[in-house]
Amino acid sequence: MLTQLGMDWLVEVTTEHYYGPTTVGAIQEFIRLGDINADTFVINSCDGTRRQIGEMPALFKTNATVSKTSAADAAVGPAAAGISIRLQECIRDLEQTLREERRALAETEQRYEKLEEKYNALLRRSDPTA
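Attention in this report is confined to the structure presented alongside it. (Residues numbered from 1 in each chain as written. Predicted model: local features only at pLDDT ≥ 70, side-chain atom pairs only at ≥ 80, totals over all residues. Heavy atoms only, no water.)

Comments concerning the overall build of the protein
No. 1: What the protein contains, in helices and strands, is four helices and four strands.
No. 2: Shown N-terminal to C-terminal, the secondary structure of the protein runs as helices and strands in the order β-β-α-β-β-α-α-α.
No. 3: Across the 130 residues in the protein, those meeting the buried criterion constitute 21%.
No. 4: Carbon and sulfur atoms form 55% of the exposed surface of the protein, whose accessible area is close to 9,400 Å². (Helix = DSSP H or I, 4+ residues; strand = E, 2+ residues; numbered from the N terminus. Buried < 20%, exposed > 50% of the residue type's maximum accessible area, 1.4 Å probe, protein only. Areas by Shrake-Rupley, 256 points an atom, 1.4 Å probe, with all protein chains shown as cover.)

Pasting the structure below:
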């Protein structure tokens, strides 16, 4: 992580899903979009502290109205789960693709080695000095 990027935060979307690292600006945008609320926990990756966004209004520019409305929404289910779930799905898809590509690469390398052996054998047969 580059300190100049300011990606010092993890958003606790659920107890098992996190979004980040990310910036204060991105978190403010998630608040504005209603993806997260004042009750959402964030973790400062620099010092390891875990606090609710509502406890840091100066940093995350949230207000009581957003907090109350979002608290009711959170009872139904965290809207931010969409952030994490979409990212987790993308990660799973990318990991699966990576596994498939690695498998294909290994198979290609094995075929290459066999072809190289055949080529070298042909060279030895055709070269009377060998």
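Remarks on the pattern of salt bridges
No. 1: Going through the model one piece at a time under the given rule, you end up with three salt bridges.
No. 2: Close ionic contact of Arg51 with Glu55 constitutes a salt bridge, the shortest N to O distance being 3.5 Å.
No. 3: What makes Glu55 partly exposed here is its relative accessible area of 44%. (Salt bridge = Lys/Arg side-chain N within 4 Å of Asp/Glu carboxyl O.)

Notes on the nonpolar core
Where a protein is soluble and globular, its nonpolar side chains tend to be buried together.
No. 1: Trp9, Val11, Val13, Ile27, Phe30, Ile31, Ile36, Val42, Ile53, Met56 and Phe60 together form the largest nonpolar core, which totals 11 residues.
No. 2: Those elements giving two or more residues to this core turn out to be strand S1 (9-12) and helix H1 (24-33).
No. 3: Element by element, the count of residues in this core is highest for H1, at three residues.
No. 4: With sequence-adjacent residues up to four places away left out, Met56 is seen in contact with Trp9, Val42 and Arg51. (Core = buried A, V, L, I, M, F, W, Y, C linked by side-chain atoms within 4.5 Å. Contact = heavy atoms within 4.5 Å.)

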